[in-house]
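# Geometric and topological summary
Spelled out from the first residue to the last, the chains are:
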Amino acid sequence: MSAIDIAGVSRLFGETTALAGVDLTIRDGEFFSLLGPSGCGKTTLLNIVAGFLAPTTGTVRIGGRDITALPPYRRDIGMVFQNYALFPHLSVADNVAYGLSVRKRPAAESRRRVEEVLNLVKLNHLADRMPHQLSGGQQQRVAIARALAVEPQVLLLDEPLSNLDAKLRKEMQSELRSLQRRVGITTVLVTHDQEEALSLSDRIGILGAGHLQQIGSPLELYRRPANRFVAEFVGQANLLEATPSADGTAYDVATHHVDAGTPLRMHTGASADTRALLMLRPERIRVEHTGAQAAAGAGEGSGQHTGQPNRAHGILRDASYTGASLRLVVELRGGGDLIVQAPDTAFPDLPAQGLPLALAWDTDDIVVLDRGTTTIGAATA
């Protein structure tokens, strides 16, 4: 069953199109994230669902009810803002009770509900504190409790973790997902943080230039992006422009230069398109040999046989340590770079520039983003 149905929603600001005919169904009880760069339209869409903006065209339904023309307070939603928007002159308990008092709930019922939601977010012991006496994470939980107190059908989150430091943000992500699962409320999160969206969401909608570029589970979006925009925005990606081999069973990289004559074999049986765009994730590339052993094999070609890994040789141009892994920039023979994410155990120390490297990856790790259009990897509407 769907909780939110968005049909043909567009929004113009003067001559600028912020949203262009968005169609989206969010399921009941789902944690759904709207992910995209600044200016892509994600906050505009959230504000249209919340009722703070009216769409230029299209309709919004919650639980099957058309709410397009209703004011925010009649939409049965709860919202948590980026800056939490707590009332500084009210205690934690009074902040949480605010929505209940506006709805004129009986005092006894309000007290019971405030106690319930504060217990849910583990803040009962701070009910009498003022907002300025709380940490950022505690303020965020108060804002969530206030939104949940009125028992809305839908919870909207507008980048609620962006003001927290990195460690606390990780902790709050885990708490937020756990809380959503316990309550079972349909939740829509707006964020530009891809890691946050991937770790929290059941499904994600990628917005770009006012269009929904792709909708899918975190694994679907990461492993099988629909186009260049999604591939580049979600995680790191090596994008390789290529042409098909003469027999149409493989792709030869022309501008990003795998070894001359070494094709990128496709397990899907690629057709003889005029050009293509391929994606290879950095963590899928293995460092097979280094130093003299890698240099000695630089003239060897491989990968021509089905099921065999592809190989390339190059020189290390840059290396950085990220904690769990090493980020390597490898200049391939003949030109072009590959970004490689290697485990921190791959080298005893940070490798030096100029080190010869032999790289390999499996056939299944190549994703075809485009099979011969005029504009390689163009974003889809």
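This structure is a prediction, so every number in the text was calculated from the model and none was measured.

So, about the overall build of the protein. Within the protein, the secondary structure is distributed over nine helices and 20 strands. Sequence-distant contacts, at least 24 apart, represent 67% of the contacts inside the protein between residues at least 6 apart. Element-wise, carbon and sulfur atoms account for 51% of the exposed surface of the protein, whose accessible area totals about 17300 Å².

Time to look at the pattern of salt bridges. In total, this model carries 15 salt bridges according to the counting rule given. With a closest N to O distance of 2.7 Å, Lys167 and Glu171 form a salt bridge. A residue pair is termed a helical-turn pair when its members lie 3 or 4 positions apart in one helix, as Lys167 and Glu171 do in helix 5 (residues 166-183) at four residues. The exposed category is assigned to Lys167, whose relative accessible area is 60%. Among the residues examined, Glu171 registers a relative accessible area of 36% and is labelled partly exposed. One network of salt bridges, with partners in common, ties together Arg27, Glu30 and Arg203.

Core analysis: the biggest nonpolar cluster contains 35 residues, and Val96 and Leu118 have the highest contact counts within it. Looking at this core, the elements that each hand over two or more residues are helix 2 (92-102), helix 3 (107-120), helix 4 (136-149), strand 7 (154-158) and helix 5. In terms of residue count, helix 4 provides more of this core than any other element does, seven residues in total. Val96 has contacts with Val114, Val117, Leu118, Val142, Ala145, Arg146 and Ala149, leaving out every residue within four places of it along the chain. Ranked by size, the runner-up nonpolar core spans 28 residues in total, among them Ala3, Cys40, Leu45 and Ala50.

The next point concerns unusual backbone geometry. Phi is positive for Lys104, close to 60 degrees, though the residue is something other than glycine. With respect to the helices, strands and loops of the structure, Lys104 is situated in the loop between helix 2 and helix 3. Positive phi is not limited to glycine here, since Ala209 has a value of about 55 degrees. Among the structural elements, Ala209 can be located in the loop between strand 9 (203-208) and strand 10 (211-216). You can call Ala209 exposed: its relative accessible area is 64%.

All right, on to the side chain of Ser325 then. Tracing the backbone through its elements, the reader meets Ser325 in strand 17 (residues 325-332). Apart from the residues within four sequence positions on either side, Ser325 is in contact with Ser320, Gln341, Ala342, Pro343 and Asp344.

Further remarks concern the packing of aromatic side chains. Under the defined criterion, the tally for this structure stands at three aromatic pairs. Judged by centre distance (6.1 Å) and plane angle (35 degrees), the ring pair of Phe52 and Phe81 falls under tilted. Linking Phe52 in the loop between helix 1 (42-50) and strand 4 (57-62) with Phe81 in the loop between strand 6 (77-80) and helix 2, this pair joins segments that are 29 residues apart in sequence. Note on Phe81: relative accessible area 28%, which makes it partly exposed. Aromatic pair Phe229 and Phe233: ring centres 6.3 Å apart, planes at 10 degrees, arrangement stacked. Highlighted residues: Phe229 and Phe233, both in helix 8 (residues 228-233), separated by four residues, approximately one helical turn. Taking the relative accessible area as the measure of exposure, Phe229 reaches 23% and is therefore partly exposed. Take Phe233: its relative accessible area is 17%, and that puts it in the buried class. Positioned over the ring face of Tyr222 is Arg281, at 4.0 Å from the centre of the ring.

Moving on, we get to the confidence of the model for the protein. Put simply, the protein has an average pLDDT of 85, and 85% of its residues get 70 or more. Considering each helix and strand of the protein separately, the mean pLDDT is smallest for strand 13 (residues 264-265), with a value of 50, and largest for strand 4, with 97. Here residues 266-273 scores under 50 on pLDDT; set against residues more than four positions off or in separate chains, the count is 22 contacts.

Rules behind the numbers
- Residues numbered from 1 in each chain as written.
- Predicted model: local features only at pLDDT ≥ 70, side-chain atom pairs only at ≥ 80, totals over all residues.
- Heavy atoms only, no water.
- Helix = DSSP H or I, 4+ residues; strand = E, 2+ residues; numbered from the N terminus.
- Contact = heavy atoms within 4.5 Å.
- Areas by Shrake-Rupley, 256 points an atom, 1.4 Å probe, with all protein chains shown as cover.
- Salt bridge = Lys/Arg side-chain N within 4 Å of Asp/Glu carboxyl O.
- Buried < 20%, exposed > 50% of the residue type's maximum accessible area, 1.4 Å probe, protein only.
- Core = buried A, V, L, I, M, F, W, Y, C linked by side-chain atoms within 4.5 Å.
- Phe/Tyr/Trp six-rings, centres within 6.5 Å; stacked < 30°, edge-to-face > 60°.
- Lys NZ or Arg CZ within 6 Å of the ring centre and 35° of its normal.
- pLDDT = per-residue confidence, 0-100.

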